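# Analysis of the macromolecular model
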Amino acid sequence: MNIELGKKIRWLRLQKGMTQEELAAKLNLSSQAVSKWENRVTLPDIQFLPQLSVILGVTIDELFALTDDTHLERIENMIHQEHVISEDNFHYAEQFLKGKLDDEERKSYSLTLLAELHMHRSDEHREYAVHYAKDAIGQVPHSKRNHNALRDAEKGVLFDWNYSNHHKLIAYYVNFVQNHPDYWPAYVWLLNYLIADGRCTEAKEILEKLNQIHASYLYPLYDGLICKEEGNHAQALLLWEQMTN
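Residues numbered from 1 in each chain as written. Predicted model: local features only at pLDDT ≥ 70, side-chain atom pairs only at ≥ 80, totals over all residues. Heavy atoms only, no water.

## Some thoughts on the pattern of salt bridges
It is possible for side chains bearing opposite charge to pair when their charged atoms get close. In the structure shown here, the tally under the stated rule is 12 salt bridges. With its nearest N and O atoms 3.2 Å apart, the salt bridge here joins Glu 87 to Arg 121. Placement of Glu 87 in helix H7 (residues 87–99) and of Arg 121 in helix H8 (residues 107–139) is noted, with a sequence separation of 34 residues between them. A relative accessible area of 46% means that Glu 87 is categorised as partly exposed. Overall, the relative accessible area of 10% leaves Arg 121 in the buried class. Connected through salt bridges with shared partners, the residues Asp 68, Asp 69, Lys 100, Asp 103, Glu 105 and Arg 106 form a single ionic network. (Salt bridge = Lys/Arg side-chain N within 4 Å of Asp/Glu carboxyl O. Helix = DSSP H or I, 4+ residues; strand = E, 2+ residues; numbered from the N terminus. Buried < 20%, exposed > 50% of the residue type's maximum accessible area, 1.4 Å probe, protein only.)

Right under this line is the structure:
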């Protein structure tokens, strides 16, 4: 694979009528770096693949002869192992994954990775937001706006039900369990959001449906959580104690 990549870069460069120096200049690299690629001494870093593909007029797949599954594995590793994903790597991953949405075999996995990729980027931005909000508070300690920015960046508490409730997720999972009534984990997610919002009557109904399709320790556990949310702490403790007997 390494041999083919070096050969391919050289062949495509010559097809474009470019010298090593010209290609290197477009990439803001030395001509020695390009020479090492073409002579199979080193491989280009993944961050150069999107720009290389554009300059040489080919797709990333055509440029870097990796299988689709290898690309997907590399992207998943990047998401889970890299604290910060560079702009080039992010756009490479996004471009590749979007290109696989017409591939029925890989569509589901690609969608999952796209969601995780953008959540990773969201978390990166949240960290920057925390840093800047704290600096802003340091500059203007009595600014409510600055403290609100820190609260939002750190996912802090706001006792405003209209702001903090989970009605969108609840609506989604109500519809989901109607369409997938035998998938019991979805009832658990729905219970979590209903209880968090204090919607205990609805939670009790969902708990009974969950118990019908998946009778387990989850019934007394969530029954206790509902009691706790209703303020009946004694009954909640009794239910949880019974689980350990």
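So that's the structure; there's more coming.
## With respect to the nonpolar core
Residues Leu 23, Leu 52, Leu 56, Leu 63, Ile 75 and Leu 97 are the most contacted members of the largest nonpolar core, which totals 31 residues. Per-element tally for this core: the top contributor is H7, with 5 residues. Contact partners of Leu 97, with chain neighbours within four places excluded, come to Leu 72, Ile 75, Ser 110, Leu 113, Leu 114 and Leu 117. Residues Val 188, Ile 195, Leu 207 and Tyr 222 belong to the second largest nonpolar core, which totals 19 residues. (Core = buried A, V, L, I, M, F, W, Y, C linked by side-chain atoms within 4.5 Å. Contact = heavy atoms within 4.5 Å.)

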